[in-house]
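# Observations on chain architecture
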Amino acid sequence: MALVLDSSERILNYGAMDVRPIAQTVRFSDLSRDSKKVAAAADRGPVMITRRDGEPLVLQRQSVYEQNRAGLALASQVIAAAVGEGPEGFAERLERFFPWMSFLPLAGRAQCANELAQVARACASVSVFEPLEVEVAAWQSTAEAYASGHGPDKDYDWLDESITVERP
């Protein structure tokens, strides 16, 4: 079985998400003859399987497929809020999809909405959605911190030097 690399050998890999361009191509007959080797190739990234009498197929890990679907679902929520109609603004429409945004201060909601839209657009342009998932998780964590009573307007006592404490 001969794996043919496309012109781009650059593989995108963002942390836990394994979204990669299709850089491996095999013939359907190769799949029939040595399915184990083709499956091993699919563990490294998506494999295009060409067929003489039909459209090519793509073989990839299920986890990658599910991550792509989850990223697209997030992006579609941001898009739906962006193009939604009504008197409320984008941030308010986005809050319907992400109720945790209500814990952010008003300025934080607008910033969150703008950053999510920007990242969603960038992700869609390269078909890699993990940065959007990371951005949503980061903003959600910020909202959780506000909900717990933490925030930048709190008076915290910051230490000038670290202090070693005994293990409880």
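Here the structure is shown first, and the text comes after it.
## A word on the overall build of the protein chain
Counting secondary structure elements, the protein chain contains six helices and three strands. Across the 168 residues that make up the protein chain, the buried fraction comes to 29%. The long-range fraction of contacts in the protein chain, counting pairs at least 24 apart against all pairs at least 6 apart in sequence, stands at 39%. Counting only carbon and sulfur atoms, one obtains 53% of the accessible surface of the protein chain, whose full area is about 11500 Å².

## Describing the sheet that holds strand β3 (residues 54–59)
By definition, the strands of a sheet pair up through backbone hydrogen bonds, in either a parallel or an antiparallel sense. Ordered by their spatial adjacency, three strands build an open sheet running β1-β2-β3, and the pairing between neighbours is mixed. Two strands bound the open sheet, and with one partner strand each, they are β1 (24–27) and β3. Within the sheet, the average angular offset between the axes of one strand and its neighbour, ignoring direction, is 25°.

## Quick look at the packing of aromatic side chains
On inspection of all chains with the given rule, the structure shows one aromatic pair. Consider the rings of Phe98 and Trp100, whose centres lie 5.5 Å apart with planes at 40°: the pair is tilted. Taken as a pair, Phe98 and Trp100 share a single burial class, namely buried.

## Here's the deal with helix α5 (residues 106–126)
An ideal rise of 1.5 Å per residue puts 30 Å on 21 residues; α5 measures up with 31 Å between its terminal C-alpha atoms. For α5, the full list of buried residues reads Gly108, Arg109, Cys112, Ala113, Leu116, Val119, Ala120 and Cys123. Burial along α5 is one-sided: seen end-on, the buried residues are contained in an arc of 145°. Exposed and oriented more than 90 degrees from the buried face of α5 are Ala107, Asn114, Gln118, Arg121 and Ser125. Looking at the buried positions of α5, the neighbouring elements they touch are α3 (62–83), α4 (90–97) and α6 (130–147). Residue Ser127 follows α5 closely and has a positive phi angle near 55°.

## Brief notes about the nonpolar core
One finds Leu94, Phe98, Trp100, Leu116 and Leu132 to be the most contacted residues of the largest nonpolar core, which totals 22 residues. Of all the elements in the fold, those that place two or more residues in this core are α3, α4, α5 and α6. Other than its neighbours up to four places away in sequence, Leu94 contacts Gln77, Val78, Ala81, Met101, Ala113 and Leu116. Val26, Ala41, Val47 and Ile49 belong to the second-largest nonpolar core, a separate cluster that totals six residues.

## Here's the deal with the pairing of strand β2 (residues 47–51)
The pairing of β1 with β2 spans four bridges and is classified as parallel. The residue bridging Thr25 from the neighbouring strand is Met48, located in β2. Inspection of the sheet shows β2 paired to β3 by four bridges, in the antiparallel sense. By the bridge assignment for β3, Val47 is matched with Leu59. Linking two consecutive strands that pair antiparallel, namely β2 and β3, is a turn of two residues.

The rules behind the values
Residues numbered from 1 in each chain as written. Predicted model: local features only at pLDDT ≥ 70, side-chain atom pairs only at ≥ 80, totals over all residues. Heavy atoms only, no water. Helix = DSSP H or I, 4+ residues; strand = E, 2+ residues; numbered from the N terminus. Buried < 20%, exposed > 50% of the residue type's maximum accessible area, 1.4 Å probe, protein only. Contact = heavy atoms within 4.5 Å. Areas by Shrake-Rupley, 256 points an atom, 1.4 Å probe, with all protein chains shown as cover. Pairing = 2+ DSSP bridges. Axes fitted to C-alpha atoms, helices over the stretch in contact; angles between N-to-C directions. Phe/Tyr/Trp six-rings, centres within 6.5 Å; stacked < 30°, edge-to-face > 60°. Expected span 1.5 Å × (residues − 1). Arc of directions from axis to C-beta. Core = buried A, V, L, I, M, F, W, Y, C linked by side-chain atoms within 4.5 Å.

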